[in-house]
Amino acid sequence: MLKAIARAKVNPFLRVLPPRDDGFHDIVSLFVSIDLQDELTLLGEAQQSSLEVSYVDDFVKEQQMDLGESNLVLKGQKLYLKAINKEDDHFRWHLRKAIPLASGLGGGSADSAACLLLLNEHYGKPLCEEELLTLSAKVGADVPFCLTGGTALVEGIGDVIEPLLPLPTLGVLLLRPNVGMETPKAYAALDSQYGWEPGMAEVKGAKEGARARIDGLVERLRHLNLPRAAPLVDNDFQELLKRKLPHIEDILQTLERAGGQLQFMTGSGSCLVAFTEDEERAKVLQEKTNYLSEVSWRHTCTIASVGAELVETKEEG
């Protein structure tokens, strides 16, 4: 039996560029792994592939996770087996789910990254790290980063990863509002807002400006200077969702009044994140905002230095 940890991620910075000819958007983003994790276990071979799920809490359970072919674990398995010419093989999986869905935390991508890591281990590592990363990009945009994890400048559709030196073990408070927006709808709303169409030219200097802001943000985070880092935090989806979902702005302002020094929306939303100097301060900030009725789920953790990670190797029986 093989088991792997699948860690979530947050984006303290996310710039979205106009859609390419294929309709996908390039991004310039700072990705940071956090120690909120699902656990994926490869139970063994089977006549038919299946995925069983258990849930850490009721909120995640009530989100009704898709267990069909579009599930990123099963999609990752299918693409991996095709890549190594083992398409007739089938597996039983168990997923212990802790990362909420549709939150901008990369939960599905993290699970898929763990799946690829486990299958590659099961077959004796026929794919090298570079080949596994290339394959992971075919599963989903965030999967390559979730495979490697840590702190990275991420570009392309999420497949161009430049690892950065680790950040300090900052505290992380996560607040999931009652209402969110699915990623495809968020991108469509962004296209509509700016009048973007596939194949449009990139805004001149957008990439360079974004990289410069990320450099400054990372430098200030490394020195634990959260107040000076806060003005460099940015997310193109945040302003969009603040207009469509006004409670997001209310929660961010509440975090600031409660003593938060750096808070932001991650990914395409709608999970809100506060960085603190350590996890104890994150817990204090959570206690001060526990009364918020607009929040359905809360969690504190720390920044992590890796993404998907093999944690147990045991043969069945």
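Conventions and cut-offs
- Residues numbered from 1 in each chain as written.
- Predicted model: local features only at pLDDT ≥ 70, side-chain atom pairs only at ≥ 80, totals over all residues.
- Heavy atoms only, no water.
- Helix = DSSP H or I, 4+ residues; strand = E, 2+ residues; numbered from the N terminus.
- Rg over C-alpha atoms; globule rule 2.2 N^0.38 Å.
- Contact = heavy atoms within 4.5 Å.
- Areas by Shrake-Rupley, 256 points an atom, 1.4 Å probe, with all protein chains shown as cover.
- Lys, Arg positive; Asp, Glu negative; His and termini not counted.
- Charge placed at Lys NZ, Arg CZ, Asp CG, Glu CD.
- Pairing = 2+ DSSP bridges.
- Axes fitted to C-alpha atoms, helices over the stretch in contact; angles between N-to-C directions.
- Core = buried A, V, L, I, M, F, W, Y, C linked by side-chain atoms within 4.5 Å.
- Buried < 20%, exposed > 50% of the residue type's maximum accessible area, 1.4 Å probe, protein only.
- pLDDT = per-residue confidence, 0-100.
- Arc of directions from axis to C-beta.
- Polar contact = N/O pair within 3.5 Å; in protein donor to acceptor, adjacent residues only side chain to side chain.

### What about the overall build of the chain?
Secondary structure assignment for the chain yields 11 helices and 12 strands. The C-alpha radius of gyration of the chain comes to 19 Å, within 12% of the 20 Å expected for a compact globule of 317 residues. Principal-axis analysis of the C-alpha atoms gives the chain an extent of 55 × 45 × 35 Å. Across the chain, the fraction of contacts at a sequence separation of at least 24, relative to all contacts at a separation of at least 6, is 78%. For the chain, the accessible area works out to roughly 14400 Å², and carbon and sulfur atoms hold 47% of it. Each charge class in the chain can be summarised by its mean position, and for the 33 positive and 48 negative side chains these summaries are 3 Å apart.

### As for the sheet that holds strand β10 (residues 272–276)
Pairing is antiparallel across the open sheet formed by 4 strands, whose spatial order is β9-β10-β7-β11. Looking at the sheet topology across the chains shown, the edges are occupied by β9 (262–265) and β11 (295–302). Sheet twist, expressed as the average angle between the axes of neighbouring strands with direction ignored, equals 20°. Sheet analysis places β9 next to β10, joined by 4 bridges and oriented antiparallel. The residue of β10 that forms the bridge with F264 is V273.

### Re the nonpolar core
Of all hydrophobic cores here, the largest spans 65 residues; its most connected members are L36, W93, L105, L174 and F275. Counting residues in each nonpolar core, the second largest holds 30 residues, with F145, L173, L240 and L245 among its members.

### Description of the side chain of S33
Relative to the helices and strands, S33 resides in strand β2 (residues 25–45). Sequence-distant contacts of S33, that is, excluding residues within four places in its chain, are made with A8, K9, F145, G149, G150, I303, A304, V306 and G307.

### A short note on the confidence of the model for the chain
Chain-level statistics for the chain give a pLDDT mean of 93 and a share of 98% at 70 or above. Highest mean pLDDT in the chain belongs to β10 (98); lowest belongs to strand β12 (residues 309–313) (82).

### Quick notes on unusual backbone geometry
Of note, K125 is a non-glycine position whose phi angle comes to about 55°, a positive value. Looking at K125, the relative accessible area reads 57%, which means it is exposed. The phi torsion at L224 lies on the positive side, around 55°, for a residue other than glycine. Mapped onto the elements of the fold, L224 is located in the loop between α7 (206–222) and α8 (226–229).

### Quick word on the environment of Y291
Along the chain, the position of Y291 falls in the loop between α11 (279–288) and β11. Residue Y291 is classed as exposed on the basis of its relative accessible area of 58%. In this view, Y291 contacts T254 and R298; residues no more than four positions away in its chain are not counted.

### Considering α11
Regarding α11, the residues found buried are A282, L285 and Q286. In an axial view of α11, the angular spread of the buried residues amounts to 105°, which keeps them on one side of the axis. When the buried face of α11 is taken as reference, the exposed residues oriented beyond 90 degrees from it are E280 and E287. Packed against the buried residues of α11 are β7 (171–177), α10 (247–257), β10 and β11. You can read the cap of α11 off the contacts: a side-chain oxygen lies 3.2 Å from the backbone nitrogen of E280, and it is on D278.

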